[in-house]
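# Fold and geometry: a report
Now for the letters of each chain:
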Amino acid sequence: GAINITCDAWQADNSDGYFAVTGHWIEENDPMQWVSGNALLGFTRLNNAHNGQRLGGALFKVLDRVGVAHKVSKI
């Protein structure tokens, strides 16, 4: 099935940058019985500025590492 993701990047007071990715999905175990699920897919420290290219690279690395890049339907 498909996985939707959310992600967030922030900078701590000590200038360390962090990036988190969560996945969200719905499973249909029985007809018309849906169960939502979610999980933290990745949490990483960013060494550089939070520009779009670096965030996109960090996002792809997380999705590739957990083997779900092909299941992502929305960001």
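Residues numbered from 1 in each chain as written. Predicted model: local features only at pLDDT ≥ 70, side-chain atom pairs only at ≥ 80, totals over all residues. Heavy atoms only, no water.

### Here's the deal with the packing of aromatic side chains
Taken as a whole, this structure holds three aromatic pairs when the rule is applied. Each ring, one from W10 and one from F43, has its centre 5.9 Å from the other, and the planes form 45°; the classification is tilted. With W10 in strand β1 (residues 3-11) and F43 in strand β3 (residues 33-46), this pair connects stretches of sequence that are 33 residues apart. According to the relative accessible area criterion, F43 is partly exposed, its value standing at 47%. (Phe/Tyr/Trp six-rings, centres within 6.5 Å; stacked < 30°, edge-to-face > 60°. Helix = DSSP H or I, 4+ residues; strand = E, 2+ residues; numbered from the N terminus. Buried < 20%, exposed > 50% of the residue type's maximum accessible area, 1.4 Å probe, protein only.)

### Regarding the side chain of D16
Tracing the backbone shows D16 in the loop between β1 and β2 (17-30). On the accessibility criterion, D16 (16% relative accessible area) is buried. A distance of 2.6 Å separates polar atoms of two side chains, one belonging to D16 and the other to R45. When near neighbours in sequence (up to four residues on either side) are disregarded, D16 contacts W10, Q11 and R45. (Polar contact = N/O pair within 3.5 Å; in protein donor to acceptor, adjacent residues only side chain to side chain. Contact = heavy atoms within 4.5 Å.)

### Considering the pairing of β3
In this structure, β2 lies alongside β3, joined through 13 bridges in antiparallel fashion. Each bridged residue has a counterpart across the sheet, and for T22 the counterpart in β3 is L40. (Pairing = 2+ DSSP bridges.)

### Digging into unusual backbone geometry
Phi angles above zero are rare outside glycine, and M32 is one such case at about 65°. Relative to the helices and strands, M32 is located in the loop between β2 and β3. For M32, a relative accessible area of 72% corresponds to the exposed category.

### Some details on the environment of L40
Along the polypeptide, L40 turns up in strand β3. L40 sits 19 residues away from V21 along the chain, and the two C-alpha atoms are 6.1 Å apart.

### Observations concerning the nonpolar core
In this structure, I3, I5, F19, V21, L41, L46, A58, L59, V62, L63 and V68 together form the largest nonpolar core, which totals eleven residues. Among the elements of the structure, β1, β2, β3 and α1 (52-65) are those that each provide at least two residues to this core. At four residues, the largest contribution of residues to this core is made by α1. (Core = buried A, V, L, I, M, F, W, Y, C linked by side-chain atoms within 4.5 Å.)

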